[in-house]
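Structural overview for review
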Amino acid sequence: MHKLENDLELKKNAAVPEEELRAGREAASRLRERLCGRGLSYFIETYGCQMNEHDSEKLAGMLQSCGLAKAETKIGADVILFNTCCVREHAEKRLMGNVGALKKLKDEKPGLLVCVCGCMAQQKDVADKLYRRFPFVDLIFGTHELHLFPQLLEQAMEGRRLARVRELDGEIAEGLPVSRNNGVSQFVTIMYGCDNFCSYCIVPYVRGRERSREPERILAEIRALAKDGVKEITLLGQNVNSYQGDGGVDFPELLRRTGKIEGIARIRFMTSHPKDLSPRLIEAMASLPKVCPHIHLPVQSGSDRVLCLMNRRYTRADYLALAAALRAAVPGIEITTDFIVGFPGETEEDFLDSLRLAREAGFSAAYTFKYSKRSGTRAAGMEEQIPEQVKKDRLKRLNDAVAEGLRAGNEKYVGRTGEVLVEGCDRRNAAMAFGKLPSFKMVYFPGGESLIGRTVRVNITKTSVNSLIGELADQKG
Ligand code: 5AD
Ligand code: SF4
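Computed from a predicted structure; not experimentally measured.

1. With respect to the sheet that holds strand S15 (residues 266-270)
Spatially, 3 strands are ordered S9-S12-S15 in an open sheet, and the strand pairing comes out parallel. Both outer strands of the open sheet, strand S9 (185-189) and S15, are each paired with one neighbouring strand and no more. Averaged over all pairs of adjacent strands, the angle between their axes in this sheet comes to 25 degrees, without regard to strand direction. Direction of pairing for S9 relative to strand S12 (residues 232-236): parallel, over a ladder of 5 bridges. Bridge pairing in S12 places Gln-186 opposite Ile-233.

2. Some thoughts on the pattern of salt bridges
Within the structure shown, the criterion is met by 36 salt bridges. Between Lys-104 and Glu-108 there is a salt bridge, with the nearest N and O atoms lying 3.5 Å from each other. With a gap of 4 residues between them, Lys-104 and Glu-108 both fall in helix H4 (residues 103-108), about one helical turn apart. Residue classification places Lys-104 among the exposed residues on the basis of a relative accessible area of 60%. Residue class for Glu-108 comes out exposed when judged on its relative accessible area of 56%. Two residues, Glu-221 and Arg-213, come together in a salt bridge whose shortest N-O distance is 2.8 Å. For the pair shown, Glu-221 and Arg-213 are each scored as buried. Among the charged side chains, a network of salt bridges with common partners joins Glu-346, Glu-348, Asp-393, Arg-394 and Arg-397.

3. Some points on the sheet that holds strand S16 (residues 294-296)
Read across the open sheet, the 3 strands follow the order S16-S17-S18; overall the sheet is parallel. Lying at the two open borders of the sheet, with one neighbouring strand each, are S16 and strand S18 (365-370). The mean angle between the axes of side-by-side strands here comes to 15 degrees, regardless of whether they run parallel or antiparallel. For strand S17 (residues 334-341) and S18, the ladder comprises 6 bridges, and the chain directions are parallel. Paired with Thr-337 across the strands is Ala-366, a residue of S18. Its contacts with the sheet put helix H13 (residues 316-329) on S16 and S17, and the angle it makes with S17 is roughly 165 degrees.

4. Focus: the packing of helix H1 (residues 18-35) against helix H7 (residues 149-157)
Each pair of packed helices gets described by two things: the angle between the helix axes and the distance between those axes. Orientation of H1 relative to H7, taken along the N-to-C sense of each, is 40 degrees, at an axis distance of 8 Å. Comparing the axis directions of H1 and H7 gives the class oblique. For the crossing formed where H1 meets H7, the hand is left-handed. Contacts between H1 and H7 involve Glu-20, Ala-23, Gly-24, Ala-27, Ala-28, Arg-30, Leu-31, Arg-34 and Leu-35 on the former and, on the latter, Pro-150, Gln-151, Leu-153, Glu-154 and Met-157. A per-class count over the contact of H1 with H7 returns 8 nonpolar, 2 polar and 4 charged.

5. Let's talk about unusual backbone geometry
Cis rather than trans, the peptide bond between Met-270 and Thr-271 has omega equal to 5 degrees. Mapped onto the secondary structure, Thr-271 falls in the loop between S15 and helix H11 (279-287). We note that Arg-313 has phi near 65 degrees; this positive angle belongs to a residue other than glycine. Here Arg-313 lies in the loop between helix H12 (304-309) and H13. A positive phi is found at Phe-440, a non-glycine position, where the angle reads about 85 degrees. Along the chain, the position of Phe-440 falls in the loop between strand S20 (432-436) and strand S21 (442-446).

6. Here we look at the site of ligand 1
Inspection of the region around ligand 1 gives Val-87, Arg-88, Tyr-200, Gln-300, Asp-338, Ile-340, Phe-369, Lys-370, Tyr-371, Ser-372 and Arg-374 as its neighbouring residues. Residue Gln-300 places a side-chain N or O atom 2.7 Å away from an oxygen atom belonging to ligand 1. A distance of 2.8 Å separates a nitrogen atom of ligand 1 from a polar backbone atom of Ser-372. Considered on its own, ligand 1 offers 410 Å² of accessible surface; in the complex 85% of this is hidden by protein. Secondary structure elements with two or more residues in the shell around ligand 1: S17 and S18. Considering only residue class, the shell around ligand 1 consists of 5 nonpolar, 2 polar and 4 charged.

7. Observations concerning the domain arrangement of the protein
Domain annotation of the protein identifies domain 1 (11-169), domain 2 (182-292), domain 3 (297-412) and domain 4 (417-476). Placing the centre of domain 2 and that of domain 4 at their C-alpha centroids yields a distance of 26 Å. Each partner contributes to the interface: domain 2 provides 8 residues, whereas domain 4 provides 13 residues. Where domain 2 abuts domain 4, roughly 770 Å² becomes buried across the two surfaces, and 58% of that area is made up of carbon and sulfur atoms.

Thresholds, definitions, all that
- Residue numbers restart at each chain and count upward from 1, following the sequence in its written direction.
- Chains and ligands are labelled by the order in which they are written, letters from A for the one and numbers from 1 for the other.
- Totals for whole chains, interfaces and linings use all residues, but because this is a predicted model, local features are given only for residues with pLDDT of at least 70 and pairs of side-chain atoms are given and counted only at 80 or more.
- The basis for every side-chain value is the complete set of non-hydrogen atoms in the structure, without hydrogens or water.
- When DSSP finds at least two bridges between two strands, those strands are taken to pair.
- Helix and strand definitions here come from DSSP, where helices need a minimum of 4 consecutive H or I residues and strands a minimum of 2 consecutive E residues; each element is numbered from the N-terminal end.
- Axis definition: a line fitted to C-alpha atoms, over the contacting stretch in the case of helices. Angles run 0 to 180 degrees between N-to-C directions.
- Definition used for salt bridges: Asp or Glu carboxyl oxygen within 4 Å of a side-chain nitrogen of Lys or Arg.
- Each residue's exposure class comes from its accessible area (1.4 Å probe, protein chains only) as a fraction of the maximum for that residue type: buried when under 20%, exposed when over 50%, partly exposed otherwise.
- Contact between two residues is taken to exist if any of their heavy atoms lie within 4.5 Å; hydrogens are not considered.
- These descriptions rest on fixed angle ranges, namely under 35 degrees for roughly parallel, over 145 for roughly antiparallel, 65 to 115 for roughly perpendicular, and the rest for oblique.
- Definitions for this section: a left-handed crossing has its near helix turned counterclockwise from the far helix by less than a right angle. A right-handed crossing has that turn clockwise.
- Charged means Asp, Glu, Lys or Arg here, nonpolar means Ala, Val, Leu, Ile, Met, Phe, Trp, Tyr, Cys or Pro, and polar covers whatever is left, Gly included.
- One heavy atom within 4 Å of a molecule or strand is enough for the residue carrying it to be called near that molecule or strand.
- For this analysis, a polar contact is any N or O atom pair within 3.5 Å, provided that within protein one partner can donate a hydrogen and the other can accept it, and provided that sequence-adjacent residues contribute only side-chain to side-chain pairs.
- In short, Shrake-Rupley with a 1.4 Å probe defines the accessible areas, and a residue's cover is counted only from the protein chains shown.
- Residue ranges labeled as domains rest on an automatic or database domain assignment.
- Summed over both partners, the accessible surface that disappears when two parts come together, traced with a 1.4 Å probe, is what is meant by buried area.

What follows is the structure in structure tokens.
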């Protein structure tokens, strides 16, 4: 696998050939005709990050174009699709358990189609294992074959059992149908893959080389979303800062062009790698009013020694300098982050560096993970793997520190008034509306469905564990 690291010149930004996309649309239309009137439905279970969530919206769009409707539960569905994640072992184990549990359902309902796709399925050895271990799984396909789903589904419905994993080819599939989960805030993928090869991370192996969508395609998609009433978009990529669109459009320029689209009130993006966070991007964040004052900037560790072993290519001081520059340029900016504890060779001293950083850097949220050994990555071959109990203990200490910081960070909002873009009403209590402040803080307040899609002023009155509670302020001001 390491060969890939020295082989980053695969063709960039190439598109899936039109014939392939056309074949997908044709397969969908054949299925739609064949399934017409049968009332079939699908259920998708998604694991992992926002990229996967958005892929699931595309998979749902394709299923709907094939004539299937969304089912509320697995039990009622005729097609069950698992969109998997392989970033950590935990998600893999959960997937294996949940797929295994379907055997009974399949025995009771032989017509049920069980499909597995996504990052786990993209690894040939894992796909083989799934194929052998679960004979009742009908279809397995990788991340590079998402756009082939209608054809694959058609074959599976004809009774062929398939496991398809394509070599990395770096092609971008445009124009797939998308069934969006939220009418107010939407994801838009701007780039795929990652070239960073952090030593612990499997993503560059399964998602392939970095390739960027054409800026005009992205902007056209956002314009169409704005027309449909979408107010907030989140530009997605494993490392958006290295977006490189045709015609020399880099990420700050893409933000600038997005900022001109009428109807879009808020722009977010995720994820940023600290080594690629340029002064131009900070300047764009400071000068573009629609770009929200929030950045997800994974630090991973507070120890220079561990950062070097992780191949992150910045130091603790570099990171803190970036955070200071962001805070100076963008008043009120909230920084969220990711930490990994128990990386191979992490000493107690290294861990204390992370703990100190978590206390000092003023993160408004931190996602914390125990290091998970991913076969084929450089870190998997490192000596001094850390015992599970030590990882657990460090995770707990780090989580306690993060929670303390979060509480203090939330307290500072109490007594303030903020602008909330209302996304929905609480499922368990329809009289409570919720939405986010520009800084990404979630706010709940008494309010009804009529507010969805509006930006309202809310007085923050108290905090709860992960969110803020408030009440509608006088809207005239
Ligand atoms: N073990 C634990 N956490 C990982 N991440 C990525 N790979 C691993 C791994 N092998 C975490 C990183 C990354 C986030 C998406 O997942 O913190 O930022
Ligand atoms: Fe993985 Fe590093 Fe790429 Fe993020 S930047 S996806 S952690 S290799």
